[in-house]
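# Fold and contact review
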Amino acid sequence: MYIIAAFVILSITISLVLFYISSKENYILLKYWGVSWVFYSLALICVLLSIYTHNYYFIDIKKILDMLSIQSLLLGIYRFCRKEIPGYWIRFSIYVVVWVGIVLYLRLESFSVSLPIVIYEFVIIVVLCYTMMKYWPYRENRKIFFCLVFFGWGILKIFLALYEQGEIGAVNRYMGEMLYINLMNICLFMMYLQYMKHEMIETRDRLEIIVENARDAIFYYTYKPVMGFLFMTPSIETITGYTAKAIYQNPKIILNMVTSEYYDMINSVFFSGVNDIEDTNEVFMIEKKDGARKWLEMNISVIKNDQSINAIEGIIRDITKMKEMSDDLTASKRSRDLMLSYISHELKTPITSIMGYATAIRDGTIAGDGERQRAMDIICRKSIFLERMILDLFQLSKLETNQYSFSYEHMECVELANYIKEGVQPELTASGIQYKIITDEEQLTDVYIIVDSARLNQVITNFITNSIKYTKDKNRIVVKFGLDDKKKNMVMSVADRGIGIAENDIPFIFNKFYKSENAKVAGIQGRGLGLAISKEIIEAHSGEIEVQSEYNKGSKFIVTIPLYK
């Protein structure tokens, strides 16, 4: 009796330990194992009570508790094998408990309690062994051994349920069960160790997969006792061009990669001691092994031991595309703000003139017919200027956002040259400036091109309009149509001997609203949109546009369009 009491205390202690471990580590198997031990402890208490009171009702209650102990172990095996627990097991156990309650209340014979419990326990043991054999992810021989142990335990429980109606004081028959329980606990403990080993292996494999396939480079760098990288993921080779092994052998490779403006920052993080190191985020540029430049971001976390810094860990990622997008966004915002500033400036002058003259006419300040007519002419010119600017802005906006529709057609190059010639000749004649149009008909005959002829006429007309503005008297304008030296492109050019373009202005003349200093000094008016529109039109034809100019000697604008093959 004292042995059973001692085992009761031991089993309760074990169950509490299992509950504690499962609550800390969230191991479901231990939790169900603990519940099984609780039921077993209560069953042993019922044995003690039956011996002490000589009351058979405690033996019947013990059978119920043994059944629940076995069922708790089955539910734990389900969770151990990562299977969902069927709800019918709970319902069946409730039915059996209710039946036993009815039997005890009606004082029926004990066999009425034992039979349903024995059948139910046998089903539980069979299902438990089947579940382990089918779903337990371990070697076959281990599964067979553990299944035999559990099956033997279940048969022992069934035997006790059928034959424990003998002498109540016969304690010896429970000793064998307690010894078997210890064997089964050893098996459960071995299962738990195998489970933990399997989990560790799976976790290690998952981490290796993550590390091997990570785009970002993860590193661990120590300062004590020796400075150097203890760990670096293989992705560092994709980012920098250098392998992790090379960086292990020579950590200062990172200094050779980084550009000069970030050298001191990287040197202070890795090689200048640990006094000023803090958790930080740094962005810097490197030159890869192949010479390509990349923007990198490095997140660093400091690892301390007894208030002293021993190491750092961090992540390095390639942010080149993100940096380029950020720079483009900043440039786009700056360009938008500049364009709005230009638009407001360009609109201010004509609107002020229109409002001034219109107000003067309304108030009668300008009374004479001649003065009124002159004022109306100014208002008309300024209105036309505004209308053209608005149309140019609308056209440029559509071109930049690929919303502008072109009417492409397949035509002979000489036909295109003659079409543009007919379009620009009246303006050249009206200007009074000497001009010459040269068309190499021999080269352009039987050679074809796919273009929007009206848009190309617009480009050449814009060049000629600018040449007329900037060309001095008695100089001339030359327009040429031909092919390039390789006979792969049609070339159209407009040359003049005007005031030319300063060398420092040439890179910017195709920007929106840009006006060269020469034009400002000469007082030549313009909207600053014609060349920007021309550039967009030529690029839509997969062509190129360039300018050759020399100050006070003239300019030459050249357009190159690929021929149709």
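This text gives an overview of the structure that appears in the document.

Rules behind the numbers
Residues numbered from 1 in each chain as written. Predicted model: local features only at pLDDT ≥ 70, side-chain atom pairs only at ≥ 80, totals over all residues. Heavy atoms only, no water. Core = buried A, V, L, I, M, F, W, Y, C linked by side-chain atoms within 4.5 Å. Buried < 20%, exposed > 50% of the residue type's maximum accessible area, 1.4 Å probe, protein only. Helix = DSSP H or I, 4+ residues; strand = E, 2+ residues; numbered from the N terminus. Contact = heavy atoms within 4.5 Å. Axes fitted to C-alpha atoms, helices over the stretch in contact; angles between N-to-C directions. Parallel < 35°, antiparallel > 145°, perpendicular 65-115°, else oblique. Nonpolar A, V, L, I, M, F, W, Y, C, P; charged D, E, K, R; others polar. Salt bridge = Lys/Arg side-chain N within 4 Å of Asp/Glu carboxyl O. Pairing = 2+ DSSP bridges.

Turning our eyes to something else, we now look at the nonpolar core. Formed by 41 residues in total, the largest nonpolar core has its most connected members in Phe463, Phe481, Met490 and Met492. Within the residue set of this core, elements represented by two or more residues are helix 14 (413-431), strand 8 (448-451), helix 16 (453-470), strand 9 (476-483), strand 10 (489-496), helix 18 (530-540), strand 11 (544-550) and strand 12 (554-562). Beyond its immediate chain neighbours, meaning those up to four positions away, Phe481 contacts Ala417, Ile420, Ile437, Ile438, Thr439, Asp440, Leu444, Met490, Val491 and Met492. Core analysis: the second largest hydrophobic core is formed by 31 residues, Phe229, Ile236, Met257 and Val269 among them.

Two quantities define a packed helix pair, namely the angle between the axes and the distance from one axis to the other. One can describe the packing of helix 3 (residues 57-80) onto helix 4 (residues 88-106) by two numbers: an axis separation of 11 Å at closest approach and a directional angle of 180°. Relative to helix 4, the element helix 3 is oriented roughly antiparallel. Between helix 3 and helix 4, the residues in contact are Tyr57, Asp60, Ile61, Ile64, Met67, Leu68, Gln71, Leu74, Leu75 and Tyr78 and Tyr88, Trp89, Ile90, Ser93, Val96, Val97, Val100 and Leu104, respectively. Partitioning the contact of helix 3 with helix 4 into residue classes produces 15 nonpolar, two polar and one charged.

Enumeration according to the criterion identifies six salt bridges in this entry. Of the charged contacts in the structure, one is a salt bridge between Arg293 and Glu287, with a shortest N-O distance of 3.6 Å. Residues Arg317 and Glu297 are paired through a salt bridge, measuring 3.3 Å at the closest nitrogen-oxygen approach. With Arg317 in strand 5 (residues 308-318) and Glu297 in strand 4 (residues 293-305), this residue pair connects regions lying 20 residues apart in the sequence. For Glu297, a relative accessible area of 19% puts it in the buried group. Salt bridges here are not isolated pairs; linked through shared partners, they connect Asp216, Glu297 and Arg317.

So, on to the sheet that holds strand 2 (residues 228-232). Taken together, five strands build an open sheet; the order of strands is 2-1-5-4-3 and the sheet is antiparallel. Two strands in the sheet have a free side with no partner beyond their single neighbour: strand 2 and strand 3 (280-287). Within the sheet, the average angular offset between the axes of one strand and its neighbour, ignoring direction, is 30°. Where strand 4 meets strand 5, 10 bridges bridge the pair, whose relative direction is antiparallel. Across the sheet, Asn305 pairs through a bridge with Ser308, a residue of strand 5. Packed on one face of the sheet, helix 11 (residues 263-270) meets strand 1 (217-222), strand 2, strand 3, strand 4 and strand 5 and runs near 25° to strand 4.

Let us look at the sheet that holds strand 10. Strands pair in a sheet through their backbones, by hydrogen bonds, and they do so in one of two ways: parallel or antiparallel. The strand order across the open sheet formed by five strands is 7-9-10-12-11, and the pairing between neighbours is mixed. Looking along the sheet, the strands with just one partner apiece sit at the ends: strand 7 (434-439) and strand 11. Averaged over all adjacent pairs, the angle separating strand axes in this sheet is 10°, with direction ignored. Inspection of the sheet shows strand 9 paired to strand 10 by seven bridges, in the antiparallel sense. Looking at strand 10, one finds that Ile477 is bridged to Asp496. Contacting strand 9, strand 10, strand 11 and strand 12, helix 16 crosses the sheet at an angle of about 20° to strand 10. Helix 18 rests against strand 11 and strand 12 of the sheet, and its axis sits at about 140° to strand 11.

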